[in-house]
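# Coordinate analysis (summary)
Given next are the chains, with one letter for each unit.
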Amino acid sequence: MFVSYPFILFLLILFLIYYLIPKGGQWMLLLVASLVFYGMADIRYPVFLIITSLTVYGAARWMEYYNQERKKYDQSIKSGEVPAPSREEKKAAHRLIAGKKKRVMLLCLFLNLGILAVVKYTNFVLQNLSYIFEKSGNEPFSFMDFIVPLGISFYTFQAVGYLLDVYWEKCGVQKNYFRFLLFLSFFPQLVQGPISRYHDLSETLYKKHDIDGKQIWFGLERILWGYFKKLVIADRVGVAVAALTESPNYYTGVYVLLSMLFYAIQLYADFTGGIDITIGIAQVLGIRMRENFIRPFFSKSIAEYWRRWHISMGTWFKDYVFYPCGISRPVKKVTTFCKKHFGMAVARRSAVYISSVLVWLATGIWHGAEWRFVIWGLLNGVIILLSEECEPLYQKFHRRFPKLTVTVFYRSFQVVRTFFLMSCLRLFDIYGSVRGTLRQFMNLFIRFSQRAVTKEELLGLGLSLADYVILGIGVILMFMVSMSGRRGSVREKISEKPYILRYMVFAGLFVSVILFGTYGQGYDVQQFIYNQF
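Notes on the structure in this doc start here. (Residues numbered from 1 in each chain as written. Predicted model: local features only at pLDDT ≥ 70, side-chain atom pairs only at ≥ 80, totals over all residues. Heavy atoms only, no water.)

## Description of the pattern of salt bridges
Quick note on the threshold: Note on definitions: salt bridges are taken to be side-chain nitrogens of Lys or Arg within 4 Å of carboxyl oxygens of Asp or Glu. Helix numbering and strand numbering both begin at the N terminus, where a helix is a DSSP run of H or I of at least 4 residues and a strand a DSSP run of E of at least 2. Only protein chains enter the calculation, and the probe is 1.4 Å; a residue is then buried if its accessible area is under 20% of its type maximum, exposed if over 50%, and partly exposed in between.
Scanning the entire structure with this criterion turns up 18 salt bridges. Notably, a salt bridge pairs Asp429 with Arg372, separated by 3.6 Å at the nearest N-O pair. One end of the pair, Asp429, is in helix H17 (residues 427-431); the other, Arg372, is in helix H14 (residues 371-389), and 57 residues separate them in sequence. Of the residues examined, Asp429 reaches a relative accessible area of 21% and is grouped as partly exposed. Under the relative-accessibility criterion, Arg372 is labelled buried at 8%. Connected via shared salt-bridge partners are Arg222, Lys229, Asp276 and Glu291.

This is how it looks when you write it as structure tokens:
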């Protein structure tokens, strides 16, 4: 939806009206614009969003009521309005209130995660049950025709994060329902995130914003850079990726490596391009959103990669799945059992292992209702845990060869190794099935040198020589911007240059998008890859 003429027109009108109306109505305009944007995708989608917002808003207010009841009870004791209870009586009163509060939280949590599970995963469950029934000689199940609202995973996780933060009293309750609805529905983040936290986004979402020329210009530059990455790089290389994956029996061996490289470029340019557009739109509106990527392809391990890639998703799972799971009653029982029978070292690992496996299982399922995503998620977790277990060996190696491990050569090896491992895991995404992925992975070793990569073969992937030149220049430009960003904001550096140079950069980027963007027949732009999640 971001790459269409109607959306660009929608943005221009919004930007103009936003700074013309009274500042007190800016957040209300954003709410109307967000609901219109969501309704344009499908008139039925806002129904799901409103159900989620109403239930979470109501549950949060209800939990706040119990918080106030506890405070009033404690205050009445402190002021002497009621006779001082015994310590056990006070604890019992607190437990009673906490129990009511917890039931409200769990009911709302199960309702909203249940909606997400039903619309996204019912057919996955039915598909597997049908397979079992067919093998048993019974009739298979018929599939259900569910609507899967745009961005339901993103806004559900955002709502759950707010619900749990209120439950843990980490953030205050938003008493205005329509403001809370804006928090969930803010249109730039609906398509593919980031998954915002209430205490972060609310700092600037509801404020009155004056015209700030520098921030508006920075936002427009960020939007244009996102369009460049999406239209000039991602959609162009996507043509070659499609050709490689549509004929896996022909493009095998070394071409699997080529598909891994091309898909890495496509995914990075597509996803980061979409996030650039999102953050840029918010910046034009005076709203601050957190970064979702920090040069992930420079990571030296998979754990570091996931701290740099889709940061909002990773921190969400860490804060709302990993930590709560690690201190949950069932995991504590396992830890106690392991401590008693196997020692403290195993006990500590057991909590981390269980929490990590659950996080990565959930991460895989979040990405899609298919076994390939489940296996992809678990493999990420297994590799990270194996790396953790091998940490003493790494440290021993570093102590044995201290001069080697600080060299550019060794650090480059770590980066290339991580990139290759992540690219191997992305084969599940590239080839679309577990069987196809395993076959192509084996072909990397069995049929690697079967056919060389020639000019004729590359031109047979749907890209011309000019396309490869444009793609190469685009990738080099992305690399240069990424490297420059390590020493501060690139836009800040450009803003310090003479006006003529600044406008030349902007104009050059704009012309490049217009002339070299891959639009397809009838402006048939590919949707963002993360839309499907």
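## Some thoughts on helix H6 (residues 177-185)
Inclusion rule: In what follows, a contact means two residues having at least one pair of non-hydrogen atoms within 4.5 Å. In protein, a polar contact means a hydrogen-donor-capable atom and an acceptor-capable atom, both N or O and within 3.5 Å, with residues adjacent in sequence counting only if both atoms are side-chain atoms; elsewhere, any N or O pair within 3.5 Å suffices.
Of all the 9 residues making up H6, 7 are buried; the element is thus mostly covered by neighbouring parts of the structure. Taken together, the buried positions of H6 are occupied by Tyr177, Phe180, Leu181, Leu182, Phe183, Leu184 and Ser185. Tucked inside the fold, the buried residues of H6 contact helix H2 (26-41), helix H3 (45-79), helix H5 (152-167) and helix H7 (198-205). Its side-chain oxygen 2.9 Å from the backbone nitrogen of Phe178, Asn176 forms the N-cap of H6.

## Examining empty space enclosed by the protein
Rule in force here: A cavity here means a set of points on a 1 Å grid, drawn over the protein atoms and nothing else, where a 1.4 Å probe fits but cannot get out; a pocket is an open set with protein on both sides within 12 Å along at least five of seven lines, and a residue lines either one if it has an atom within 4 Å of a point. Grid points are joined across faces, edges and corners, and a volume is the space filled by probe spheres set on the points.
Counted under the stated rule, the structure contains 2 cavities of 30 Å³ or more. Roughly 40 Å³ of volume is contained in the second largest cavity. What lines the second largest cavity is simply Pro296, Phe297, Ser299, Tyr305, Val415, Thr418, Phe419, Met422 and Arg426. With 4 residues, helix H16 (residues 408-425) is the single largest residue contributor to the lining of the second largest cavity.

## Some points on unusual backbone geometry
Residue Pro194 follows Gly193 across a cis peptide bond; omega there is 5°. Tracing the sequence through the fold places Pro194 in the loop between H6 and H7. One non-glycine residue, Glu169, lies in positive phi territory at about 60°. With respect to the helices, strands and loops of the structure, Glu169 is situated in the loop between H5 and H6. Residue class for Glu169 comes out partly exposed when judged on its relative accessible area of 37%.

## Considering the nonpolar core
As a reminder of what qualifies: Think of a nonpolar core as a cluster: buried Ala, Val, Leu, Ile, Met, Phe, Trp, Tyr and Cys residues, connected wherever their side-chain atoms sit within 4.5 Å.
Counting residues in hydrophobic clusters, the biggest one holds 130 residues, and the most contacted among them are Tyr162 and Trp306. By residue number, the principal contributor to this core is helix H9 (residues 254-284), which donates 18 residues. Residues within four places of Tyr162 in sequence aside, it is in contact with Val56, Ala60, Cys171, Gly172, Val173, Gln174, Phe180, Phe183 and Tyr198.

So far we have only geometry, and geometry alone does not tell us how the molecule works.
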